[in-house]
Amino acid sequence: MIKKIRVLIAKPGLDGHDRGAKIVARALRDAGMEVIYTGLHQTAEQIVNTAIQEDVDVIGLSLLSGAHMTLFIDVATMLRKKQIEDVLIVGGGIIPKEDIPRLKKAGIAEVFGPGTPVDDIVTFVKQNVKR
Amino acid sequence: MTDLASKVLTGDARSIARLITLVENNSSDAVDVMKQIHKYAGNAHVIGVTGVMGSGKSSLILELALEYRKQGKKVGVIAIDPTSPFTGGALLGDRIRMMDLSTDPGVFIRSMGTRGMLGGLTSAVYDVVEILDAAGMNVILIETVGIGQDEVDIVKIADTTLVILIPGFGDFVQTIKAGLMEIADIFVVNKADTPGVELTVAELESMLDLATHIERRTPIVPTSAKEKKGILLLVRTIAEHQEYLIKSKMYERRRRQRYEAELVEIIRKRLMNFIFDEDKLKGVVDCCIDQISRKELDPYTAAEEILGKILK
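(A) Spotlight on the interface of chain A and chain B. Chain A puts 24 residues into the contact, and the matching count from chain B is 27 residues. Within the residue set of the side of chain A that touches chain B, elements represented by two or more residues are α1 (19-30), β2 (34-37) and α2 (44-54) of chain A. With seven residues, α2 of chain A is the largest single contributor of residues to the side of chain A that touches chain B. Across the side of chain A that touches chain B, the residue classes break down as nine nonpolar, eight polar and seven charged. As defined by bridge partners, β2 of chain A adjoins strand β3 (residues 90-92) of chain B across three bridges and the pair is classed as parallel. Counted as the bridge partner of Ile36 of chain A is Leu92 of chain B from β3 of chain B.

(B) Region of interest: the pairing of strand β1 (residues 45-51) of chain B. Residues and elements named next belong to chain B. Of all the seven residues making up β1, seven are buried; the element is thus mostly covered by neighbouring parts of the structure. Neither face of β1 is exposed, since His45, Ile47, Val49 and Gly51 on one face and Val46, Gly48 and Thr50 on the opposite face are all buried. One ladder, built from five bridges, connects β1 with strand β6 (residues 160-165); its direction is parallel. Paired with Gly48 across the two strands is Thr161, which belongs to β6.

(C) Looking closely at the sheet that holds β6 of chain B. All names here are of chain B. The seven strands lie next to each other as β4-β2-β5-β1-β6-β7-β8, forming an open sheet whose pairing is parallel. The open sheet has two edge strands with one neighbour each: β4 (107-113) and β8 (220-222). On average, adjacent strands in this sheet sit at an angle of 20 degrees to one another, irrespective of strand direction. Set on the sheet, helix α7 (residues 197-209) makes contact with β6, β7 (186-189) and β8; between it and β8 the angle comes to about 175 degrees. Each of β1, β6, β7 and β8 is contacted by helix α8 (residues 231-247), which is oriented at about 170 degrees to β7, the strand it contacts most.

(D) Summary view of the nonpolar core. Judged by nonpolar contacts, the single largest core of 70 residues is most densely connected at Leu19, Ala65, Val77, Ile131, Ile140, Leu141 and Ile142 of chain B. When residues in this core are grouped by element, the largest group, seven residues, is from helix α5 (residues 125-134) of chain B. Excluding its chain neighbours within four sequence positions, the residues that come into contact with Val77 of chain B are Ile61, Ala65, Met98, Val107, Ile109 and Leu141 of chain B. In this structure, Ala10, Ile36, Val56 and Leu79 of chain A belong to the second largest nonpolar core, which totals 43 residues.

(E) The arrangement of the sheet that holds strand β1 (residues 6-10) of chain A in detail. A sheet is described by the order of its strands in space; here six strands give the open sequence β5(A)-β4(A)-β3(A)-β1(A)-β2(A)-β3(B), paired in parallel fashion. The open sheet terminates on both sides in strands that have one partner only, identified here as β5 (110-112) of chain A together with β3 of chain B. Put simply, the sheet's adjacent strands are angled 25 degrees from each other on average, direction ignored. Of the pairings in the sheet, the one linking strand β4 (residues 88-93) of chain A to β5 of chain A comprises three bridges and is parallel in character. Of the residues in β5 of chain A, the one forming a bridge with Gly91 of chain A is Val111 of chain A. Here α2 of chain A sits on the sheet in contact with β1, β2 and β3 (58-63) of chain A, set at roughly 160 degrees to β1 of chain A.

(F) A look at the pairing of β6 of chain B. Judged by how many residues are buried, β6 of chain B sits mostly within the fold: six of six residues are covered. The alternating pattern of β6 of chain B places Thr160, Leu162 and Ile164 of chain B and Thr161, Val163 and Leu165 of chain B on opposite faces, both of which are buried.

(G) Just the confidence of the model for chain B, in detail. Put simply, chain B has an average pLDDT of 91, and 99% of its residues get 70 or more. In the predicted assembly, ipTM is 0.94 and pTM is 0.91.

Definitions and cut-offs
Residues numbered from 1 in each chain as written. Chains lettered and ligands numbered in written order. Predicted model: local features only at pLDDT ≥ 70, side-chain atom pairs only at ≥ 80, totals over all residues. Contact = placed C-beta atoms within 7 Å. Helix = DSSP H or I, 4+ residues; strand = E, 2+ residues; numbered from the N terminus. Nonpolar A, V, L, I, M, F, W, Y, C, P; charged D, E, K, R; others polar. Pairing = 2+ DSSP bridges. Buried ≥ 20, exposed ≤ 12 C-beta atoms within 10 Å, placed from the backbone. Axes fitted to C-alpha atoms, helices over the stretch in contact; angles between N-to-C directions. Core = buried A, V, L, I, M, F, W, Y, C linked by C-beta atoms within 7 Å. pLDDT = per-residue confidence, 0-100.

Right, here's the structure in full:
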């Protein structure tokens, strides 16, 4: 049996800056993972449905517009409502430090800001996948 | 029947997704479930969509799926992208063109990496077709990896194969080459909103004129996924091909071909599992090596004996 880590990288909301998401997607690919890249302007419902159909182990959300408190938490809440508890959710982008505790409480396992070495993200994902 | 099998048969998305993961990972947990669902599959029309990278396969699939949804059909999509032979990772990006379908409960899309398989498909694709079919999909669209001239395995699984070309893909001599150009049930000239589409269609027509004994001339359908043009004609042409398959008894032949390919693939995988199960293989091989080095046995005879034991 060959188990591969499957990751969904998505950009919720209206922000159009996807360079960070692409860099992370590529780094995870190079670390041997299968990365489903869905691009810009996703709703929480689209992200959750995609995560279900693709049976991903990890959802990576990237947001630079400031709407993370709404959109990251929406995704986490919707997953919980559907009783999906074995998917690791991580976030990245421009996220003020003071928001991080609330995001973590809502179910975002870790938040990676600008300047994070991509290897740190790879390591975190590998060590924290739930299945 | 297992719980997972019965949930798959009701069309439950999470169960379908989980079973696909099991077959992709070559897990033994999938075997019983696959055995149970086989008799419920075989109703979906399987459409292969192949062509070079950037020819618009994903965008065309979006348009086709939207059209089939209007007809009330349930649609499954299998979108295959290459797995890196260097790292084993993959970037599966076909879905990006299909996000308009992602909240429709009548559509199930799965992205897959080739995971070492050549030929434009992935080893688990036969199982995934069977799963989506048993789960009640009426149409299954398979997008191969962006291909060159020679990756034609899609014909082993599709009822109807669409070969997607774009204006300017090459001159006449490209159209009479073997491989890709031989497998089309329908040629689609996509990006028909760009210059050169007439020339490409004409070159395909004159290639088709060269065929000597044909019972059915391959139709050519110009489309523009971007401008949503030609999609209805393509859907109609696919339906005509389906009727032709039924009338000419080709449907059964293609299904036989698919099951043959699936069976061979299962056997191949089992053998590969054994070969790559290093502990097991080492155990079998170790006992012969001493004899070979003492010249009591030659390596060919030893290999034949070992294979005989495995295959027994």
